[in-house]
Each structure stands twice: as structure tokens, then as C-alpha cells.
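# Understanding the architecture of this molecule
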Amino acid sequence: MKYGYFDDAAREYVITRPDTPYPWINYLGEEDFFSLMSNTSGGYSFYKDARMLRLTRYRYNNVPTDAGGKYYYINENGDLWTPGWMPVKADLEKYECRHGLGYTVITGKRNGLLCEQTALVPLGYTAEVTRVKFRNETDKKKEFTFFSFVEFCLWNALDDMTNFQRNFSIGEVEVIGTTIYHKTEYRERRNHYAVFSVNANIDGFDTDRETFIGLYNGFDDPDVPKAGKSRNSIASGWAPIGSHSIKVKLEPGEEKSFIFVLGYCENPEDQKWECPGVINKAPAQKLLAAFRTDEQFEAAMQAMHAYFEEQLSNYQAKTPDEKMNRMVNTWNQYQCTVTYHMSRSASYFESGIGRGMGFRDSTQDLLGFVHIIPELARERILDIAATQMEDGSAYHQYQPLTKKGNNDIGSGFNDDPLWLIFGVAAYIKETGDESILDEMVAYDCDASKAKPLSDHLIRSFHHVTDNLGPHGLPLIGRADWNDCLNLNCFSKTPGESFQTTANFESGVAESVFIAGMFVAVGEDYQQLCKMRGLDDEAAFADVECKKMYDTVMKDGWDGKWFLRAYDAFGNKIGSHENRDGQIFIEPQGFCVMAGIGIKEGRAKEALDSVRDLLDTPYGVSLLWPTYKEYHVELGEITSYPPSYKENGGIFCHNNPWITIAETMIGRGDRALSTYQHICPAYTEDISERHRTEPYVYPQMIASVDAPRQGEAKNSWLTGTASWTLYSVTQYILGIRPQYNGLMIDPCISDKWDGFTITRKFRGDTFHITVTNPDHVMKGVKSITVDGKAIEGNVLPVYGDGKEHNVQAVMG
Ligand code: BGC
Ligand code: NOJ
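These notes cover the structure that comes with them. All residue numbers refer to positions counted from 1 along the written sequence of the respective chain. Throughout, the order in which chains and ligands are written sets their labels, letters from A for the former and numbers from 1 for the latter. A pLDDT threshold of at least 70 governs which residues receive local features in this predicted model, and a stricter bar of 80 or more applies before side-chain atom pairs are shown or counted, although totals over entire chains, interfaces and linings include all residues. Heavy atoms from the whole structure form the basis of all side-chain values; hydrogens and water molecules are not counted.

## Description of the overall build of the protein chain
Note on conventions: DSSP H or I runs of at least 4 residues are helices, E runs of at least 2 residues are strands, and numbering of each starts at the N terminus. What the protein chain contains, in helices and strands, is 19 helices and 45 strands. Here the globule rule reads 2.2 Å times residues to the power 0.38, and the radius of gyration is calculated from C-alpha atoms. What you see for the protein chain is a C-alpha radius of gyration of 27 Å, in line with the 28 Å of a compact globule of 811 residues. Referenced to the eigenvectors of the C-alpha coordinate spread, the extents of the protein chain come out at roughly 80 × 60 × 55 Å. Across the 811 residues that make up the protein chain, the buried fraction comes to 64%. The criterion used for residue contact is that any of the two residues' heavy atoms lie within 4.5 Å. Counting contacts in the protein chain only where the partners sit at least 6 residues apart, residues at least 24 apart contribute 68% of the total. Total accessible area on the protein chain stands at roughly 28100 Å², and carbon and sulfur atoms take up 49% of it. The sign given to each residue is positive for Lys and Arg and negative for Asp and Glu; His and the chain ends receive no count. Where a charge lies is defined by one atom per residue type: Lys uses NZ, Arg uses CZ, Asp uses CG and Glu uses CD. Across the protein chain, the mean location of the 82 positive side-chain charges is 3 Å away from that of the 112 negative side-chain charges. Here's how the labels work: a residue is buried when its accessible area is under 20% of the maximum for its type, exposed when over 50%, partly exposed in between, all with a 1.4 Å probe on protein chains only. Using the Shrake-Rupley algorithm and a 1.4 Å probe, accessible areas are obtained, with residue cover drawn only from the displayed protein chains.

Quick look at the structure:
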């Protein structure tokens with residue numbers, strides 16, 4: 001069953017009924033200010049850091065769900081409703097939510113009154129701006145009062161939901177004209193405040209939640225909107241809110257609009273006060289002046305459209321598959337921009353306080369983002385590298401506001417350092433900018449320890465070679481990519497975090513996955529070394545990679561697939577000898593991506609085993625058979641019920657590894673089908689089962705042993721976004737940046753006649769037409785550029801900033 005449809009021309013997903021199987025959200029904000037917005041107007045806003053500078057409050061896991069948002073209550077002769085349906089839930093004559101790129105439009109209609117609220121975070125501003133437009137669609141005059149509503153958060157979101165003995169006494173506001181200033185803690189150490197304002201005369205306001213809602217009411221039943229009159233309350237402690245009321249009269253057919261601004265304002269430390277006790281409102285005035293008129297609002301919307309058209313124009317595809325087109329051209333790229341900004345911090349499944357920017361997560365996110373805005377990718381690489389430790393290891397995450405690594409979710413994940421090499425290689429292949437290798441970058445955020453980025457890569461690589469186990473495979477540390485395969489933790493205490501609990505280093509537990517990754521990244525590493533004249537290091541890497549290849553072939557092979565690991569006692573994991581967990585997806589994907597076993601025929605065998613043992617109608621499961629009991633020697637992975645999360649759920653993140661691996665052995669049809677199975681546009685029709693947004697990837701889909709097979713969770717913030725985009729654009733469609741140019745190496749269904757791509761690359765624009773006259777899955781027999789044949793399948797870098805027409809013929 002569907003709850004909406006894709007409007008491809010507008011690049012919007014249009015939701016046509018409000019009671020979606022889960023709140024379907026969007027992200028507003030491309031720079032420093034962000035809002036999450038659901039299809040029923042739920043969500044919250046923050047500045048830079050969802051934990052440390054939260055502007056509005058949100059209640060996770062609330063009853064009903066999705067409680068807290070930007071609400072516009074309409075009272076027409078005692079009839080109360082909200083255009084987004086929630087929270088009042090009055091029946092609507094019309095409902096529609098259009099989630100677009102960087103904006104959301106929610107339209108509701110009742111009693112012939114249409115209300116359209118359009119929200120965005122305009123480029124260049126630290127504010128969410130909402131235009132609320134009314135139209136009288138009846139033939140009678142209308143008179144009604146509407147009430148805006150936001151609930152302020154007391155800045156630190158964790159504190160806000162825990163430290164009530166303090167919080168209930170600190171809230172402070174000020175109201176001047178139509179502007180509500182939320183200035184809690186400004187009088188002491190903060191140099192920032194929030195504003196909520198409207199561009200029209202108001203008939204009243206409220207800033208005290210209890211007065212506005214009533215202590216024993218919910219958002220669905222608030223006293224002030226019900227009574228139809230503001231009480232001009234001034235919050236003192238407790239819970240400050242912002243609300244305006246405006247009386248509106250509309251002739252038949254008449255329209256009126258109002259622009260609301262919810263903004264973050266900051267003053268330099270020495271300019272906090274206008275005069276003693278009076279806060280400096282200059283930044284607020286400047287912000288509000290920018291959104292006084294409809295023309296200003298529309299210009300901001302136009303700028304947003306233009307911004308995304310420009311970003312997306314770097315890669316546009318036309319294939320025979322409509323769903324692939326809409327994902328590749330719009331939604332998958334868009335999700336990659338969101339994961340770039342959010343990492344794993346704030347979604348409807350990540351509370352914004354648990355996880356900040358992940359070291360591994362954000363480096364991987366670059367794979368799908370670097371072609372969109374390379375400058376930002378560069379900045380991210382340098383920020384992440386600066387949190388690395390001197391021995392090459394990494395904090396698992398850092399806080400976006402401070403950019404300092406922290407141990408809140410642990411460290412000692414031995415795959416982390418290698419991802420840095422991955423990210424840097426992707427960046428240089430895209431841009432050709434080798435100078436990044438010379439940037440001086442701190443260790444552990446200590447500038448006195450700064451070394452060139454190339455030095456960080458060396459320490460990353462050596463962190464593996466310095467930490468090999470008994471078979472010569474990499475030691476796993478706390479875990480590898482699979483955070484939950486904790487082979488050295490042995491946790492017996494309920495509730496203890498597997499990510500931070502004591503981790504004794506057995507010196508025995510080894511990871512075949514890291515081995516595959518090491519070989520996969522090895523060639524890039526050698527190239528990067530050579531770029532900096534480090535020929536000895538490149539030669540060392542070559543030797544080590546060959547050794548690792550052989551080690552995997554010898555001690556990392558189980559007969560029909562690659563082993564997963566050795567535990568702290570040297571026992572095999574991911575072997576047919578095990579009762580549960582006989583085969584894991586990760587090493588099959590990564591070892592084949594590394595090229596291991598391709599020439600020996602083992603890659604094909606491993607991928608056949610994946611198809612035979614891990615495939616489900618909803619994607620490829622992480623492992624089989626699922627663990628039925630808790631195993632202290634395996635850790636968190638066995639703490640999950642069968643077929644959820646890492647215990648054999650369909651962990652979408654690593655499905656594209658299989659897709660890529662399949663392209664490496666030339667099986668285009670199978671690559672395509674693994675791509676399609678987890679792709680949300682293809683599951684749109686079963687939204688009632690799938691539950692999360694049909695326009696973005698979830699992290700996980702419940703697999704065969706779960707009662708709710710096919711049900712997705714954890715949408716938006718997942719490495720799946722980047723990996724799927726990377727797999728489909730670079731390996732299925734096969735347009736792949738190299739150090740020396742743009743490779744054309746598709747691996748598609750043999751039923752396809754071909755496809756076209758427009759790809760901007762280092763200033764040139766390539767219009768690439770791929771034809772498939774012989775109906776093969778892989779192989780390019782000829783390429784011409786602007787009518788002239790070229791040798792091989794790598795388009796050179798012309799660097800002339802011109803358009804080039806490329807004809808590639810498969811066969
Ligand atoms: C989750 C993982 C996550 C890890 C770190 C685990 O509980 O299952 O997906 O990466 O926590 O936060
Ligand atoms: C989610 C984490 O964000 C990611 O880094 C990890 O690789 C997967 N979980 C698998 O455990």
C-alpha cells in the first residue's frame with residue numbers, strides 16, 4: 001500500500017494521507033542550522049549540534065508518537081484544527097505533505113479554509129522560516145484566529161530532559177513587538193539566544209507552556225487556542241514557549257500569508273549587552289529584516305531550488321529503470337547530503353544526544369558526497385583526521401560543535417583507521433587535489449602534534465600491520481565494522497554498554513573483514529604514497545597486501561565462503577563448523593571487493609553462497625543462521641533477537657558491498673537485483689509493511705526469523721546512503737573516478753539497451769551515452785570522445801571546462 005507518490009519533476013515526495021506507518025520526515029538546513037520535520041509538522045531545530053545547541057524540544061518515544069513540533073492552531077468559531085493533522089487530528093478535507101530538497105510544504109483544508117505551511121532553512125541564515133498561507137475557498141466571508149507554537153529547549157538537550165531540579169527555575173524570555181526572545185542562560189555564560197517572530201501585527205502572545213496548554217492537557221487540546229485568545233503570559237522558569245495569535249478576515253477567494261522566523265542569534269562575547277541587563281538584539285533585527293515580505297521568502301525558496309539543481313547536476317542518469325533514476329538523480333544523493341551533515345546524530349531513531357559524528361561513519365559518508373560538494377568533503381576529512389590518536393587508532397566519534405573526539409561510544413575499533421584512507425582516496429580521485437596530503441593535521445586535536453595528512457594515513461595503515469594476530473590476520477580490537485561483534489569484551493553485566501565496557505585485548509581475536517578491507521584499500525594507499533615520493537612505504541604496502549591476500553586465502557577461507565573472524569580462543573566464526581552464525585555477509589563483500597579469490601574462482605563461490613544462504617525477498621541478511629542465545633564471547637551481536645540488527649537482520653549498509661562484488665565478477669543481473677531489493681523506491685508499494693520513508697534508505701530491515709519480516713527501522717542516517725549511491729553510480733552504471741580520469745565500466749542487466757549519464761568531473765562536463773547492442777552485462781569495446789576514439793576505458797581529464805560527448809559501446 002502507498003501513502004503518496006514521487007513527483008519526479010519537482011523532486012518531491014508527496015504524502016497524501018497523514019497517518020503514515022511511521023512519521024515520514026525531511027531535513028531542512030544545508031549549513032549550520034537544521035530542522036527535522038515530519039509530515040505532520042513534528043520535529044525540532046538545532047544549531048550545529050543536536051545535543052549542545054538545541055533550540056526546540058522534542059519528545060522521543062512519546063505517546064502518541066511524534067510529539068513536539070512547529071504547530072499552527074486554527075480556531076474558526078470554536079472549531080479547532082491543525083493543517084498538518086497532528087496534533088489536533090481534526091478531519092481534513094484535504095491533506096498533503098510535499099517533502100522537497102531542503103523544504104517541506106504541508107497543506108491542510110477544513111471548512112473550506114486552506115492552509116499551506118512552507119518551511120525551509122534559507123541559505124545564509126541560521127533560522128527556520130515558515131510561510132503560513134490561508135485561502136478562503138468558500139463563497140462566504142471567513143473570520144478565524146490562528147496561533148503559532150514552538151516549545152523552546154533549554155539548549156543542552158541531554159540536560160533538558162534530565163536535570164529538572166535546575167531547569168524548572170532557569171527559563172527566561174522577553175517579548176518586544178512581535179518578537180519572542182528565548183534567552184535562558186544568556187545572563188550567565190551563553191552568548192546566544194533564540195527568537196521567534198512574525199512579519200505581521202499580532203493580537204496576543206504566550207511564552208509560558210502551562211498557561212498556553214494547561215497542565216493536564218496535551219498538544220491536541222491546548223487551552224489558549226481552544227479559548228481563541230492569547231493570555232500574554234511571560235514565562236518565568238518552567239517551560240518557555242513561543243506563540244503568537246493573529247485574527248484573520250478573508251473574503252471569498254482571498255489569500256493572506258504570514259512569515260514566521262525561528263532563529264538562532266549569537267553575539268561576540270564583548271557585545272552581549274546593549275546596556276547593562278539589556279541583551280544585544282542587533283543580530284535578531286538583521287535576521288528578521290531579511291524575511292519581512294513574500295518576495296523575500298520566495299527568493300529564499302528559489303535559491304534553495306537552484307542550490308540543489310546545481311549540486312545534483314554533477315551526476316544525472318537516464319536508465320531504463322524509472323525507480324533507479326529517481327533514486328540516483330534525486331533522493332539517494334539528497335540522503336547523502338543529509339548524512340554528510342548529520343553523520344549519525346539526529347534522526348527519528350537517533351536522539352541527537354547519543355551519537356555525534358562517527359569516525360568510520362563520516363569517512364564512509366564521503367563516498368556518496370564527495371562529488372556533490374568536494375570542498376566540504378575536504379573539510380570533513382581534515383576534521384576527522386585531527387581526532388586520530390598518535391598510534392593511528394581513533395575515537396569512534398566526535399562532537400560536531402567542539403570537533404573533539406570523545407569516548408562516549410568507545411574506541412579501539414580496529415577498522416576505524418583504514419576508513420580514513422578510503423575517504424582520502426575517494427576525495428583525490430574526485431578532485432585531483434593531492435595537496436590535501438600536505439595539510440598539517442593535529443593528533444588528538446592537539447595542534448602541537450600536527451603532521452601532514454599523509455602521515456595520518458601511514459599511521460592508519462601501520463595500525464593494522466602493527467596489530468596482527470596469530471594467523472597474521474588483523475586483530476579486531478573492540479570490534480570492526482560490525483560494532484556488535486565484540487570478541488574481547490566478555491560482558492556479563494546487564495545494561496553495560498558493549499561499546500565502552502572494559503575490553504581486554506586477547507591478542508588472539510582476528511577479523512577477516514579488516515583483512516579484506518586492508519587489501520581493498522592497499523592499492524590506493526600505495527598510490528597515495530607514491531604521490532608523495534614515499535616509494536619505500538609503497539613497496540612495503542605492496543608486500544603486506546600480498547601477504548594478507550595469501551593469509552586470507554589460507555586461513556580466512558572456509559571451503560565455500562570467507563570466514564568472518566577468530567574469537568579470543570582462536571575458534572572460527574562464520575564457519576560451517578559453527579552451529580549459528582555460519583556465514584556472514586561482510587567478508588564476502590569486502591574480500592571480493594578487494595579482488596581476493598576472483599582469479600581462483602573463490603569469489604564466485606562465496607557470492608553464490610551469499611545468494612543461497614543469505615538472500616531474502618527484502619535484501620541480503622547479515623548472517624545465517626541467526627544466534628538464538630547470548631554468547632559472552634561474541635558480545636552484542638548475540639544480544640539482539642534473531643533477524644534484527646546485526647544478528648542477521650538485513651543490514652542495508654553492506655548489501656551494496658555484495659552489489660559491487662557481483663559487478664567485479666561481471667554478474668550485472670544479480671548486482672541489479674541486490675540493488676533493487678533494499679532500494680526504498682521499490683518497496684514503496686509495501687509501505688504498510690516496510691514502514692519507513694519510501695524515498696530514503698533505512699539502516700535495517702527485519703529478516704526471515706523476525707515476526708515482522710520486511711519491516712524497516714532507522715531511516716536516514718546510515719552508511720547505506722553512500723554505499724548504495726556509490727555502488728549504483730560507480731559500479732552498476734560504472735562511471736568511476738580514477739586518479740587519472742573517469743573510468744567507464746558498467747555492469748548492467750543484459751536486457752538493457754543502454755543508458756546515458758551527465759557527469760561533471762574536475763570542471764569538464766561529460767555527456768555519456770552507453771549502448772549495449774550485444775546485450776552483455778559487462779565490458780566496453782569502444783569509446784569515442786567528441787567523435788574521436790580513445791584507447792582503453794578511462795576518459796582523460798581535459799580540464800578545459802567544456803562539454804564533451806562520449807559514446808561508449810558495450811560488448
Ligand atoms: C548498534 C549498532 C551501533 C552501535 C554503536 C549498537 O547497539 O546495533 O548499529 O553502531 O550500537 O552505537
Ligand atoms: C551502525 C554504525 O553507525 C556503523 O558505524 C556500523 O558499522 C554499523 N552500525 C554496524 O555495526
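There's more to say after this.
## As for the pairing of strand β2 (residues 12-15)
With burial as the criterion, each face of β2 is covered, one bearing E12 and V14 and the other bearing Y13 and I15. Whether two strands pair comes down to DSSP finding at least two bridges between them. The antiparallel hairpin formed by strand β1 (residues 4-7) and β2 contains four residues in its connecting segment, where R11 sits at a positive phi of about 55°. Bridge count for β2 against strand β9 (residues 94-100) is three bridges, and the pairing is antiparallel. If you follow I15 over to β9, its bridge partner there is C97.

## Some thoughts on the site of ligand 1
Proximity criterion: a residue is near a molecule or strand once any of its heavy atoms comes within 4 Å of it. The local shell around ligand 1 consists of R355, D483, C484, Q499, E636, Y640, K645, E646 and Q699. Polar contact is defined as a pair of N or O atoms within 3.5 Å, subject to the rule that within protein one atom must be able to donate a hydrogen and the other to accept it, and that residues adjacent in sequence are counted only when both atoms are side-chain atoms. At 2.3 Å from an oxygen atom of ligand 1 is found a side-chain nitrogen or oxygen belonging to D483. Contacts to ligand 1 include K645, whose side-chain N or O atom sits 3.1 Å from an oxygen atom. Starting from 310 Å² of accessible surface for ligand 1 in isolation, the protein chains cover 84%. The distinction between a cavity and a pocket rests on a 1 Å grid over the protein atoms alone: a 1.4 Å probe fits inside a cavity but cannot get out, while a pocket stays open yet meets protein on both sides within 12 Å along at least five of seven lines, and a residue with an atom within 4 Å of a point counts as lining. Those molecules having more than half of their atoms within 2 Å of a cavity or pocket grid point set are described as sitting in that cavity or pocket. The pocket occupied by ligand 1, as judged from atoms lying within 2 Å of grid points, is the second largest pocket.

## Quick word on the side chain of R110
Structurally, the position occupied by R110 is in strand β10 (residues 103-110). In this structure R110 comes out as buried when scored by relative accessible area, which is 17%. Looking at R110, its side chain comes within polar contact range of the side chain of D79, at 2.7 Å.

## Observations regarding the layout of surface pockets
Grid points are joined across faces, edges and corners, and a volume is the space filled by probe spheres set on the points. In this model, the largest pocket occupies a volume close to 1100 Å³. K429, A520, E523, D524 and Y731 are the residues nearest the centre of the largest pocket, which is lined by 43 residues in total. When contributions to the lining of the largest pocket are tallied by element, the ones reaching two or more residues are α10 (416-431), α12 (512-531), α13 (535-555), α16 (655-664), α19 (720-732) and β38 (735-738). Broken down by element, the lining of the largest pocket gets its largest block of residues, eight residues, from α12. Space inside the second largest pocket adds up to approximately 600 Å³. Considering the residues around the second largest pocket, the lining is formed by 28 residues, among which E350, R355, D483, K645 and Q699 are closest to the centre. Those elements giving two or more residues to the lining of the second largest pocket turn out to be α8 (359-365) and β37 (712-715). The residue inventory of the lining of the second largest pocket, partitioned by class, reads seven nonpolar, 12 polar and nine charged. For this classification, Asp, Glu, Lys and Arg are treated as charged, while Ala, Val, Leu, Ile, Met, Phe, Trp, Tyr, Cys and Pro are nonpolar and the rest, including Gly, are polar.

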